[in-house]
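What follows is each chain in one-letter form.
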Amino acid sequence: MREATVSRPLRELAALVNEKVVSQKDPDRRYVGLEHLTAAASGLAGWASSSSSISTNGVFREGDTLFGKLRPNLRKCVIASFDGYCSTDILVLRPTEGTEPRFLGRVMQSEAVFGAAVRSAIGTKMPRTSWKELRNLQVHAPHPREQRRIAAILDTVDDAIRKTEQIIAKLKQVKQGLLHDLLTRGIDDNGELRDPVRHPEQFKNSPLGKIPNEWKVVRLGDDARIIHGYAFEGRFFSDRPEGPILLTPGNFHRNGGVYFTPGNTKYFAGRVPDGYTLAKGDLVTVMTDLSPRTLILGRTVVVEGNVALLLNQRIGKILTKHEGLWEIALLCHAMNDERVRQRIIRDATGTTVRHTSPSRMLNTVLARPDFSEQRQICEMLHHHDARERQELGLATKLRLLKKAIAEDLLTGRVRVTPLLEPAP
């Protein structure tokens, strides 16, 4: 027979800790602010010294659940792994007798609790919830042995997600080093990276530093032309998807690639002139940068996906003059090389807003490998990117799996009975 679901109010699983400290804080204790709480994860993103906060702090101890009550839609909640102080915008919840601390943390990270927190939050710009609004929420609360097993299952999935994310971070670091080597040393006839230390005779001086003897130093204008974006009429701009997206400098990420969010996406509902619709595989670059540290000027991206994009003003489209000069993917990497970008930034005009032009960008100096070597370089990068995409896909699957498992276990839809407990 299936066990009946045990439902109890949150106040029976947790008690609110109201201990506060104003001065004479223990210098050995750490301080946790809202910025250190990760979104519904099991660990902190960091901490600060207790002296970093001069205001009143809450006091917590290892095993307490720290729940962000300010803007609960951000879903900030972790289980403390040490004793410390925290912002008063964080609820400190201590498990009651008979409640497994890790299970309490998982309950507070559940869809039911976050949904209740968002619905009960008061305020517009900075909405906040309270323990008073959450304490009577009915949640699944099985026997402590089953609580431990549920927490252990979710911990295992979290551990798999964490290890996958570490692999992704390592792959990104490796790619940066690999890309630098490929853009400065290239690949020899044996498919190996050239070695400037063991074989200095294989390299020559250039405006970009040492490059392989086989490579040519070219102006971008020798190999390509740039089409400047069109000044679309502002009266046809829309925040709603009433037409194709206007590609703007604000869509370019400082670390490469483009992204679209409700805050940086504009649509165009008017007539589009011929030649200003972008297609997959087009190469585009930023020619105006409003960021204070010139983080995106000259950033170059290959258009991907099937989203309809328009070549807007302040953006340039790079077209090679004929086939066999550049693999587009490698030309993109060459344009994003910091040595090249710094030259573009130096030649730009303006102080607060930095601006370049097609004519200035066409004077950019590049090191161009033979086309067959370009293909080898792109193939090596493709294999690395495929591995990274594989790990990103695995991380996405694990997050979806965790969400489904948590929903089943924390609502009692699927039970983990004491029979599953390992023998003593």
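Each chain has its residues counted from 1, following the order in which its sequence is written. pLDDT decides what is reported in this predicted model: residues at 70 or higher carry local features, side-chain atom pairs at 80 or more are listed and counted, and totals for whole chains, interfaces and linings draw on all residues regardless. In computing side-chain values, all of the structure's heavy atoms are included and hydrogens and water are not.

Q: Teacher, can you tell me more about the packing of aromatic side chains here?
A: Working definition: an aromatic ring pair is given by the centre-to-centre distance plus the angle between the planes. Ring pairs are drawn from Phe, Tyr and Trp, using the six-membered ring of Trp, whenever the two centres fall within 6.5 Å, and their geometry is named by plane angle: stacked under 30 degrees, edge-to-face over 60, tilted for the rest. This model, assessed by the stated rule, comprises eight aromatic pairs. A ring pair is formed by tyrosine 230 and tyrosine 276, whose centres lie 5.2 Å apart and whose planes are at 45°; its orientation type is tilted. Linking tyrosine 230 in the loop between strand 15 (224-228) and strand 16 (237-238) with tyrosine 276 in the loop between strand 18 (267-268) and strand 19 (277-278), this pair joins segments that are 46 residues apart in sequence. The cut-offs for exposure are 20% and 50% of the maximum accessible area for each residue type, with area from a 1.4 Å probe on protein chains only; residues under the lower value are buried, those over the upper are exposed, and the others partly exposed. Look at tyrosine 230 and you get partly exposed, because its relative accessible area is 34%. Whether a charge sits over a ring depends on NZ of Lys or CZ of Arg being within 6 Å of the ring centre and within 35 degrees of the ring normal. Here arginine 30 stacks its cationic end above the ring of phenylalanine 82, 3.8 Å away from the centre of that ring. Each helix corresponds to a stretch of at least 4 residues labelled H or I by DSSP, and each strand to a stretch of at least 2 residues labelled E; elements are numbered beginning at the N terminus.

Q: Hey, could you run me through helix 4 (residues 144-184) in this one?
A: Given 3.6 residues per turn, any residue in an α-helix points the same way as the ones three and four places further on. With 41 residues, helix 4 should cover 60 Å at 1.5 Å per step; its first-to-last C-alpha distance of 60 Å lies within 8% of that length. The positive-phi residue at the C-terminal boundary of helix 4 is glycine 186, with phi of around 70°. What a helix is expected to span follows from its residue count: subtract one and scale by 1.5 Å.

Q: Looking at this structure, I do not really get the layout of surface pockets. What am I missing?
A: Empty pockets left among the atoms are what a rolling probe the size of a water molecule brings to light. Cavity means a closed set of points on a 1 Å grid over the protein atoms alone, one where a 1.4 Å probe fits but cannot get out, pocket means an open set with protein on both sides within 12 Å along at least 5 of 7 lines, and lining means a residue has an atom within 4 Å of a point. Grid points are joined across faces, edges and corners, and a volume is the space filled by probe spheres set on the points. In this structure, the largest pocket encloses a volume near 1400 Å³. Along the walls of the largest pocket sit 38 residues, with Lys175, Gly257, Cys332, His333 and Asp385 positioned nearest its centre. Taken together, the elements giving at least two residues each to the lining of the largest pocket come down to helix 4, strand 22 (300-302), helix 6 (328-336), helix 7 (338-347) and helix 9 (371-411). Counting residues per element, the lining of the largest pocket draws most heavily on helix 9, which supplies nine residues. The classification used treats Ala, Val, Leu, Ile, Met, Phe, Trp, Tyr, Cys and Pro as nonpolar, Asp, Glu, Lys and Arg as charged, and all other residues, Gly among them, as polar. Its residues assigned to classes, the lining of the largest pocket comprises 15 nonpolar, ten polar and 13 charged.

Q: So what exactly am I meant to see when it comes to the side chain of threonine 364 here?
A: Structurally, threonine 364 can be placed in the loop between helix 8 (358-361) and strand 26 (365-368). Given the relative accessible area of 3%, threonine 364 is considered buried. Excluding residues that lie within four positions of it along the chain, threonine 364 makes contacts with Val218, Arg219, Leu220, Val340 and Ile344. By definition, residues are in contact when any of their heavy atoms lie within 4.5 Å.

Q: What am I meant to see in the sheet that holds strand 20 (residues 283-286) here?
A: Within a sheet, neighbouring strands are paired by backbone hydrogen bonds and run either parallel or antiparallel to one another. Any two strands with at least two DSSP-identified bridges between them are counted as paired. Reading across the sheet, the four strands line up as 15-24-20-22 and stay open at both edges, with antiparallel pairing between neighbours. Either end of the sheet is taken by a strand with one partner, and the two such strands are strand 15 and strand 22. Within this sheet the neighbouring strands show an average axis-to-axis angle of 30°, counted without direction. Sheet analysis places strand 20 next to strand 24 (residues 315-320), joined by four bridges and oriented antiparallel. Looking at strand 24, one finds that valine 286 is bridged to isoleucine 315. Only C-alpha atoms enter the line fits that serve as axes; for helices the fit covers just the stretch in contact. Angles between N-to-C directions range over 0 to 180 degrees.

Q: Teacher, can you tell me more about empty space enclosed by the protein here?
A: All told, the structure shown has two cavities of 30 Å³ or more when counted by the stated rule. By volume, the largest cavity amounts to about 90 Å³. Looking at the largest cavity, the residues that line it are Leu183, Leu208, Trp215, Trp326, Leu330, Ala334, Asp337, Arg339, Val340, Leu366, Ala367 and Pro369. Of all elements in the fold, only helix 6, helix 7 and strand 26 reach the threshold of two or more residues within the lining of the largest cavity. Residue composition of the lining of the largest cavity, by class: ten nonpolar, no polar and two charged. Of the pockets and cavities examined, the second largest cavity occupies roughly 30 Å³. Lining the second largest cavity are Arg343, Ile344, Asp347, Thr356, Arg360, Met361, Asn363 and Thr364. In terms of residue class, the lining of the second largest cavity is made up of two nonpolar, three polar and three charged.

Q: Looking at this structure, how should I read the pairing of strand 24?
A: Side-chain direction in a regular strand flips from residue to residue, so the side chains alternate between the two faces of the sheet. Note: strand 15 against strand 24, five bridges, orientation antiparallel. By the bridge assignment, histidine 228 is partnered in strand 24 with glycine 316.

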